[in-house]
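Here is what each chain is made of, one letter per residue.
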Amino acid sequence: MGILLVGIGVSFEVTANVVTLAGEGMVLALCKAFPVKFPNTKISFDVTLVVIASALSLIFLHQLEGVREGTVAAALCVGLVAKQVTPPLASLAKRYL
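Small disclaimer: the values here were computed from a predicted structure and weren't measured.

What counts and what doesn't
Residues numbered from 1 in each chain as written. Predicted model: local features only at pLDDT ≥ 70, side-chain atom pairs only at ≥ 80, totals over all residues. Heavy atoms only, no water. Helix = DSSP H or I, 4+ residues; strand = E, 2+ residues; numbered from the N terminus. Contact = heavy atoms within 4.5 Å. Lys, Arg positive; Asp, Glu negative; His and termini not counted. Charge placed at Lys NZ, Arg CZ, Asp CG, Glu CD. Buried < 20%, exposed > 50% of the residue type's maximum accessible area, 1.4 Å probe, protein only. Polar contact = N/O pair within 3.5 Å; in protein donor to acceptor, adjacent residues only side chain to side chain.

Enquirer: What am I meant to see in the overall build of the protein chain here?
Expert: The secondary structure content of the protein chain amounts to four helices and zero strands. Overall, the protein chain is about 55 × 30 × 20 Å in size when its C-alpha atoms are taken along their principal axes. Taking contacts inside the protein chain between residues at least 6 apart in sequence as the whole, the part at least 24 apart equals 55%. Here the protein chain contributes 7 positive and 5 negative side-chain charges, whose respective centroids are spaced 16 Å apart.

Enquirer: How should I be thinking about the environment of Ser57 in this particular structure?
Expert: As for its position among the elements, Ser57 is in helix H3 (residues 38–61). A relative accessible area of 6% means that Ser57 is categorised as buried. Separated by 10 residues in the primary sequence, Ser57 and Val67 place their C-alpha atoms 8.6 Å from one another. Residues contacting Ser57, with those up to four places away along its chain left out, are His62, Gln63, Leu64 and Glu65. Polar contacts involving the side chain of Ser57 include one to the main-chain carbonyl oxygen of Gln63, which spans 2.7 Å.

Following this line, the structure appears as structure tokens:
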């Protein structure tokens, strides 16, 4: 349920073109600088952050701390939810905004 709500929230945030949080802002900056689509970049960015967090945890703590299955699922699925929600949301925004 959390992944679904975060994905919908990210779609609202990006479609409305309002001030974004740091994670989505970085992804939007990459999308403006390079010809890449937001959902694919979001998934890649989130997975990269999870890999970095896992590596740092293993390096400094000698065990995996703070990264579990929910973190990996969110990294993979939030972008997929945003990908599904954005097209109908964009048509509503075009119509009403």
